[in-house]
Protein chains: 2
Amino acid sequence: MAEPKENVLMEKITSLCKRRGFIFQSSEIYGGIQGFWDYGPLGAELKRNVKDAWWTTMTRLRDDVVGLEATIIMAPQIWRASGHVDTFSDPMCDCLLTGKRFRADQVEPQSGIVYHYLGALGSASGAPVSPATNTFEGGFAPTMIEGWHSKNSQISLDGLTSAGIVQEIMLIWRSGAAAPLDQSVEHAMQWAEAVWQHLSRVQFSILLPAGKPPESARKIAKEFYAKRGLMSPLLLGERTEKVENSQRFNPENGAQLTPPVPFNLMFKTYVGPTATEADVAYLRPETAQAIFAQFKNVHETSRQKVPFGIAQMGKAFRNEVTPRNFTFRSREFEQMELEFFIKPDEAVEAISGAVAAPAAKGHPGEPQSNWGWQLWHQYWVEERIKFYGDIGISRDTLEEYWQKPEELAHYARACVDLLFKFPFGTQELEGIAARSDFDLSQHEKHSGKTMGVFDEDLRTAWGKLAPEKHAELSKRYYDNRLKYMLKTGVNQAQAEREAKEDADGLAKGQYIPHVIEPSAGTDRLILALLANAFSEVTTTDDKGKSETRVILKFHPRIAPVKVGVFPLLKNKPELVAKAKEVYQALRGQMNAYYDEAGAIGRRYARQDEAGTPFCVTIDFDTLGEKPELNLKDTVTLRHRDDGRQERLAISELLPWLLARVR
Amino acid sequence: MAEPKENVLMEKITSLCKRRGFIFQSSEIYGGIQGFWDYGPLGAELKRNVKDAWWTTMTRLRDDVVGLEATIIMAPQIWRASGHVDTFSDPMCDCLLTGKRFRADQVEPQSGIVYHYLGALGSASGAPVSPATNTFEGGFAPTMIEGWHSKNSQISLDGLTSAGIVQEIMLIWRSGAAAPLDQSVEHAMQWAEAVWQHLSRVQFSILLPAGKPPESARKIAKEFYAKRGLMSPLLLGERTEKVENSQRFNPENGAQLTPPVPFNLMFKTYVGPTATEADVAYLRPETAQAIFAQFKNVHETSRQKVPFGIAQMGKAFRNEVTPRNFTFRSREFEQMELEFFIKPDEAVEAISGAVAAPAAKGHPGEPQSNWGWQLWHQYWVEERIKFYGDIGISRDTLEEYWQKPEELAHYARACVDLLFKFPFGTQELEGIAARSDFDLSQHEKHSGKTMGVFDEDLRTAWGKLAPEKHAELSKRYYDNRLKYMLKTGVNQAQAEREAKEDADGLAKGQYIPHVIEPSAGTDRLILALLANAFSEVTTTDDKGKSETRVILKFHPRIAPVKVGVFPLLKNKPELVAKAKEVYQALRGQMNAYYDEAGAIGRRYARQDEAGTPFCVTIDFDTLGEKPELNLKDTVTLRHRDDGRQERLAISELLPWLLARVR
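S.K.: Help me out: how do you make sense of the overall build of chain A in this one?
M.R.: Counting secondary structure elements, chain A contains 20 helices and 29 strands. A burial count over chain A gives 54% of its 662 residues as buried. Contacts spanning at least 24 positions in sequence make up 68% of the contacts within chain A whose residues lie at least 6 apart.

What follows is the structure, encoded as structure tokens:
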């Protein structure tokens, strides 16, 4: 759980985001909509810069990755193939008292005494139960019914009206098939028929912290049965039990929760003018699947050969039960995903003689043709860490978490989470998974379209291999394919047949590529960048008055505004004219901000808070007022992080800045 | 309707888009999903360039516009305020025979003879009706029931089973309250009960082209009643009518269509774990409303004063009934919208003494403080035309359509559509609307939050005006506000009260800004750019063999790849090394493509087809093989559009290209 100190930081960040127009609550004027956040002017620029940096790094600066921009709504079959329709769900439970819904696995564990009730009897007329004797007027104790029913528990009374209960009991009693009540049943029944509404045998439990009086539990239980239509409910069968760390009770009121039920996190809609089951479509819960679905089209049109990657950025949607931690877990978010397709290890071995051994820790260097999935995976982990370093999140602020074998999805061979220490805890920024050939295989199976590629190098190499090598590689490939088939529910005979076909295909140069997937969340990265950049300085003036200011120490490459341009004084036309001239020259090349309002210190502070790395001030020296100083056409360049100032010629300004902000 | 010749062009464009990876059908391997399109590697770059150009032009290069990036799912109240929940719909009708759905206003008009039927009688056992006498065996004619019913039409028989009909008629007949049948009813009824399923009194009509035999109509009508569960239906009450240009019949089979019903075009989903009416949310059908909803937040945090604008790009969704024309009208698309907020004319007049007169045709120049909505509107029309010119769509390929007063929405003061001649017809690329203060007023009304701004200049100016001027401006402002209130359903008394308050506010410097909205569709712009760039050249070689090649003449600024870099021969290491060196130097600054495969002519052709404006070839002269030519470290630069080649020093290459591609 978050420590108070850290919450203070989150509050400061949230408040700064709103105050400076980085992030607003979506639909704020209408009270907001939970889990949705808008980027204001500075936030939109920040996000653009981050996306540009990712896209440039991942596609433009690489020969082996191309881009894709697919739609958010795709054919629903895609989500059946990927498994999202069946398994992309959270376990949900409801408070039996208030109906409030919880993520079952995120309920705060509770300890204490549980009060169980078997049911309750309710009065229709609201005739009060005598507290002293626990009987109705007329001498008939509802506990008699309970007593009778406990001896005849094979008979369900739940849901019956009073008349129904009476008939049921009378019938059975008269037939002699059940134990009678202890006193004149007929009299009591007739009376009861007039007074009772019904008997509820729905069980209900409440957890109280140790030491709280039982009356608290009874009050809640009565509320529960009253909500089910029983007036002045009389509780039946109270019994207590001690529990530790139970997640089965609402932490807010102690009431019992329903058993967990899976709740699919995909937003559902209907495409087309009719809204039948055939028209159901989903908002994509991840961008990755579009890449797999378009793999063949891209492969065929982009002149790329395996190994190569397809990159995509875009919105994804998850109907999170409890969106939280500001923009970290929201319902609409953006992803930046790469699917990097590689040859199966058997193909690499056939071509290169052997698969290169995984490297010691660190970057394995430039890709080599003898790399198997492990080296490619290591490579991408390191490339991604390098990316974060390039935008200001240094390696030492990231944690690498290698998932344990038991944590991996059945098809995954490895997965590394890159974690960042957010103010609310250390959480995932990106996952880099080695997903085997699972994804393309699933789409081949569900679409009936081949996802395999033909690899000329493999076919040539295969022809030159010794028969024992053939057998060995075929066997390994066969085993892997068989394992996939069996895991996805194909029966043994068919799985063996298909795995055999696949192994035969390998010998002809055909295979379904494996994939390494570095998958980053844009919005949580923005949040990480904000948290990473956030710092405060407290200054005390001559009069002892101290002031705390925020500095956002963004890397210049992602800072929303690159440079602030100020005339020293706004009422000197020469200064203003010169400042505007400088501003015009810079803004064509980068996001610049012109400001002439207020003292120069205020203007610096405003830019510090926006994360602008550099400010340029045009002063009288710029105009050459003191020729002896030889400062004509120079400006004061001020650094955000340490307030350091230097003098720079206007002619040098643009290249100086470009070298730092791009 | 599209002319055949133009369809050929569309087919060529579509096919090129798929072949070169500009645009693929979404979810193609699953048979696609209608109205959704993915951008492949080249398309994604093209789209990025277009969006970058828009964003740079609209925000970075302007001091008076800031950006926003809001969510796709917003609070549903926004769409009530905007009117989308109530009125954003198409009239839809269904074919009564096949259930096929049509846009009622887009049904192809038909002329001919309509065959009307009052209903039909159906046999349960399938016992055939004798064609000669139109009676069942047993002598009972179904037309008797019809005859009886026509005299007793107050009695509804529709939906009753045969038993029900029999009981109903018998009861009424015995009571003497209705006319009897013409022969032994009891006998007939008993027989009928065994044979009939039910009587359908659902009316149905079919339109046949003049000259077609009535049997065609009867066949369709029988099919219709048979689908409703009547076996061997016997048609009742046939009657014919001549019609001209009717849209009430399915053009494919002549069957009657249901009356038009409004069909809301917003995609609907549910947010949160329960899916109740309270959880309904919509995918935004336009990006504009988010700007209005966040107007106050942006205004308060961005240090902007009216006039200023907020720009946003992003996805929008419309559940189009008939998506068509490739990506022109799709269900998921992207918009680029600016809302430019201006002072109401009354405020401008108060401050500047008079509102400047609208300009003669053309660009009115730099914005002035005395501009009213008309000049601002003209200004944005011209700015937008200029934008299109800057990315290769010249003014003379655009058509300006000024909407006529009767075409305008009630709140709009003017709207100009910029049209482009697509291969399938001249269609809207962008609309530039003067929307008065309608949008912000609606959100003020629905959210209860003030959308007004305080204008210091206005308050100061107001204090110096003569009382007659006060009265005049107040009156005009009052009239406009009153008109808005009344149009949106506020009752007269309240409208007058509120308009009075607003007019009083104006005198204190307060008003709700008016807005000019240039709204562009990104995907249709991409399509326009493709159509605009598409050209073919046919060349004939020495042997008389001719070849037709495609050249995409994109403006360099938006071309997906800016420059191709080739070594003349791939088997000369010095050429390859030098070419890679040039390539590396360029790609950091722009999207470059290295290619060494095939003859140089093939490589040029490949880039022509991708729309790459420049190609650079490294040849032996580059290496300085002939020192006397003095061509060392120069390259051949080849122009896409005319194949022209020139010699350029490598050192000049980057600035030369940058000046053209940015």
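S.K.: Which parts of the structure should I look at to understand the interface of chain B and chain A?
M.R.: Between chain B and chain A, the residue contacts involve 87 residues of the former and 86 residues of the latter. Here chain B and chain A share an interface that buries about 7100 Å² over both sides, 52% of which is from carbon and sulfur atoms. Three residues stand out in chain B for area buried against chain A, namely B:Ile29, B:Tyr30 and B:Glu69, and they jointly supply 12% of the buried area on that side. Taken together, the links from chain B to chain A amount to eight salt bridges. The closest approach of N and O atoms between B:Arg303 and A:Asp595, which form a salt bridge, is 3.2 Å. For the pair chain B and chain A, the number of links is 52 residue pairs in polar contact (both at pLDDT 80 or more). Considering each element in turn, the side of chain B that touches chain A owes the most residues, nine residues, to helix α2 (residues 41–60) of chain B. Tallied by class, residues from the side of chain B that touches chain A come to 37 nonpolar, 25 polar and 25 charged.

S.K.: Looking at this model, I keep getting lost on the sheet that holds strand β16 (residues 332–342) of chain A. Mind explaining?
M.R.: Strand pairing in a sheet takes place through backbone hydrogen bonds and is either antiparallel or parallel in direction. All names here are of chain A. Within the open sheet, the seven strands sit side by side as β3-β15-β16-β22-β19-β18-β17. Their pairing is mixed. Of all strands in the sheet, those with a lone pairing partner are β3 (65–67) and β17 (398–402), marking the two edges. Neighbouring strand axes in the sheet, compared pairwise and without regard to direction, differ in orientation by 25° on average. As paired elements, β3 and strand β15 (residues 308–317) share three bridges and run parallel to each other. Bridging across to β15, Val65 finds its partner in Gly309.

S.K.: What should I look at first to understand the packing of helix α18 (residues 573–587) of chain B against helix α20 (residues 650–661) of chain B in this one?
M.R.: The angle between the axes and the distance between the axes are what describe a pair of packed helices. All names here are of chain B. Interaxial distance between α18 and α20 falls to 10 Å at its minimum, and their mutual angle equals 35°. When the axes of α18 and α20 are compared, the crossing they make is right-handed. Here α18 contributes Lys578, Val582 and Leu586 to the contact with α20, which in turn contributes Ile650, Leu653, Leu654 and Leu657. Its residues assigned to classes, the contact of α18 with α20 comprises six nonpolar, no polar and one charged.

S.K.: Where do I start with the relation of the copies chain B and chain A in this structure?
M.R.: Each of the two chain copies can be brought onto the other by rotation about an axis and movement along it. It takes a turn of 180° to lay chain B on chain A, together with a shift of 0.0 Å along the axis; the resulting RMSD is 0.4 Å. Read as a symmetry element, the transformation amounts to a two-fold axis. Across chain B, the rotation axis passes nearest the C-alpha of B:Thr269, at a separation of 2.5 Å. Comparing contact sets, 99% of the residues at the interface of chain B also lie at the interface in chain A, consistent with an isologous, same-surface contact.

S.K.: Explain the pattern of salt bridges to me, please; I cannot follow it from the model alone.
M.R.: Side chains that differ in sign of charge can pair as their charged atoms come close. Residue and element names in this part refer to chain B. Counting across every chain of the model gives 96 salt bridges over all chains. Close ionic contact of Lys12 with Glu536 constitutes a salt bridge, the shortest N to O distance being 2.8 Å. Linking Lys12 in helix α1 (residues 4–19) with Glu536 in strand β23 (residues 534–540), this pair joins segments that are 524 residues apart in sequence. Assessed through its relative accessible area of 33%, Lys12 is described here as partly exposed. Note on Glu536: relative accessible area 36%, which makes it partly exposed. Of the charged contacts, one joins Glu252 and Lys100 as a salt bridge, the two residues approaching to 2.7 Å between their closest N and O atoms. Linking Glu252 in the loop between β11 (239–246) and β12 (261–264) with Lys100 in the loop between β4 (89–94) and β5 (101–103), this pair joins segments that are 152 residues apart in sequence. In this structure Glu252 comes out as exposed when scored by relative accessible area, which is 55%.

S.K.: Please clarify how the environment of A:Glu430 should be interpreted in this entry.
M.R.: Residue and element names in this part refer to chain A. Mapped onto the elements, Glu430 comes out in strand β19 (residues 425–434). Residues Glu430 and Arg524, 94 residues apart in the sequence, show an inter-C-alpha distance of 9.2 Å. Those residues in contact with Glu430 that sit more than four places away from it in its chain are Arg384, Tyr388, Val416, Asp417, Leu418, Pro518, Ser519 and Ala520. Within the structure, Glu430 has its side chain in polar contact with the side chain of Arg384 (distance 2.7 Å).

S.K.: Teacher, can you tell me more about helix α19 (residues 600–610) of chain B here?
M.R.: Along an α-helix, a turn takes 3.6 residues, which lines up residues three or four apart on a common side. Residue and element names in this part refer to chain B. Along α19, eight of the 11 residues are buried, which leaves the element largely enclosed by surrounding structure. Within α19, burial applies to Arg603, Tyr604, Ala605, Arg606, Gln607, Asp608, Glu609 and Ala610. Residue Gly611 follows α19 closely and has a positive phi angle near 85°.

S.K.: Can you help me understand the packing of aromatic side chains in this one?
M.R.: The relation between two aromatic rings is expressed through the spacing of the ring centres and the mutual angle of the planes. Evaluated as defined, the whole model comprises 52 aromatic pairs over all chains. Both rings, one in A:Phe295 and one in A:Phe308, keep their centres 6.0 Å apart while their planes meet at 25°; by these two values the pair is stacked. Of this pair, A:Phe295 sits in helix α10 (residues 295–301) while A:Phe308 sits in strand β15; the two residues are 13 residues apart in sequence, bridging distant segments of the chain. The buried category is assigned to A:Phe295, whose relative accessible area is 0%. On the basis of relative accessibility, which here comes to 0%, the residue A:Phe308 falls in the buried class. On the numbers, 4.0 Å between centres and 10° between planes, the contact of B:Tyr411 with B:Phe438 is stacked. Taken together, the residues B:Tyr411 in the loop between β17 (398–402) and β18 (414–422) and B:Phe438 in helix α13 (residues 438–447) connect sequence positions 27 residues apart. One aromatic cluster is present, built from ring pairs that chain together A:Phe340, A:Trp371, A:Trp376, A:Tyr379 and A:Trp380. Of note, B:Arg524 hangs over the ring of B:Phe328, and the distance from its end group to the ring centre comes to 3.9 Å. B:Arg638 extends its terminal NZ or CZ atom over the ring of B:Tyr604, reaching a point 4.5 Å from the ring centre.

S.K.: What is the right way to look at the nonpolar core in this model?
M.R.: A general trend in soluble globular proteins is that nonpolar side chains are found buried together. Counting residues in hydrophobic clusters, the biggest one holds 128 residues, and the most contacted among them are A:Leu525, A:Leu530, A:Phe554, B:Leu525, B:Leu530 and B:Phe554. Not counting residues up to four positions away in its chain, the partners in contact with B:Phe554 are B:Phe22, B:Leu46, B:Leu529, B:Leu530, B:Ala533, B:Ala559, B:Pro560, B:Ala610, B:Gly611 and B:Arg640.

S.K.: When you look at unusual backbone geometry in this model, what are you seeing that I'm missing?
M.R.: The general pattern is negative phi for most residues beyond glycine and trans for most peptide bonds. Here the bond from A:Val306 into A:Pro307 is cis, since omega is 5°, no more than 30 degrees from zero. As for its placement among the helices and strands, A:Pro307 is situated in the loop between α10 and β15. Of note, the phi angle at B:Ser27 is positive, near 55°, even though the residue is not glycine. Note that B:Ser27 resides in the loop between β1 (23–25) and β2 (37–39). Phi angles above zero are rare outside glycine, and B:Phe326 is one such case at about 55°.

S.K.: Hey, could you run me through the sheet that holds strand β5 (residues 101–103) of chain A in this one?
M.R.: Residue and element names in this part refer to chain A. What the three strands build is an open sheet, ordered β5-β4-β12; its pairing is antiparallel. A single partner strand is all that each edge strand has here, and the edge strands are β5 and β12 (261–264). Put simply, the sheet's adjacent strands are angled 50° from each other on average, direction ignored. Pairing geometry for strand β4 (residues 89–94) and β5, over three bridges, is antiparallel.

What counts, and at which threshold
Every chain's residues receive numbers from 1 upward, in the order its sequence appears when written. For this description, chains carry letters from A and ligands carry numbers from 1, given in the order in which they are written. Totals for whole chains, interfaces and linings use every residue, but because this is a predicted model, local features are given only for residues with pLDDT of at least 70 and side-chain atom pairs only at 80 or more, for both listing and counting. Neither water nor hydrogens contribute to the side-chain values; these are computed over all heavy atoms in the structure. Each helix corresponds to a stretch of at least 4 residues labelled H or I by DSSP, and each strand to a stretch of at least 2 residues labelled E; elements are numbered beginning at the N terminus. The classification of residues rests on relative accessible area computed with a 1.4 Å probe and restricted to protein chains. Under 20% of the type maximum is buried, over 50% is exposed, and intermediate values are partly exposed. A contact between two residues is defined here by any heavy atoms of the two lying within 4.5 Å. Put simply, buried area is how much 1.4 Å-probe accessible surface two parts lose in total, over both of them, once they are put together. Only one rule defines a salt bridge in this text: a Lys or Arg side-chain nitrogen within 4 Å of an Asp or Glu carboxyl oxygen. Pairing of N or O atoms within 3.5 Å defines a polar contact, subject to two protein rules: one partner must be a possible hydrogen donor and the other a possible acceptor, and residues neighboring in sequence count only if both atoms are side-chain atoms. Note on residue categories: nonpolar means Ala, Val, Leu, Ile, Met, Phe, Trp, Tyr, Cys or Pro, charged means Asp, Glu, Lys or Arg, and polar means any other residue, Gly included. A pair of strands is considered paired only if DSSP assigns at least 2 bridges between the two. For every element, the axis is a line fit to its C-alpha atoms; helices are fit only across the contacting stretch, and the angle between N-to-C directions ranges from 0 to 180 degrees. Crossing chirality is assigned from the near helix's rotation relative to the far helix, an anticlockwise turn below a right angle marking it left-handed and a clockwise turn marking it right-handed. To line up the copies, we fit them by least squares on C-alpha atoms, keeping just the residues with pLDDT of at least 70 in both. We call Phe, Tyr and Trp rings a pair once their centres come within 6.5 Å, taking the six-membered ring for Trp, and we label the pair stacked below 30 degrees between planes, edge-to-face above 60, and tilted otherwise. A ring is scored as having a charge over it whenever the NZ atom of a lysine or the CZ atom of an arginine sits within 6 Å of its centre and within 35 degrees of its normal. Grouping buried Ala, Val, Leu, Ile, Met, Phe, Trp, Tyr and Cys residues that are joined through side-chain atoms within 4.5 Å yields what is termed a nonpolar core.

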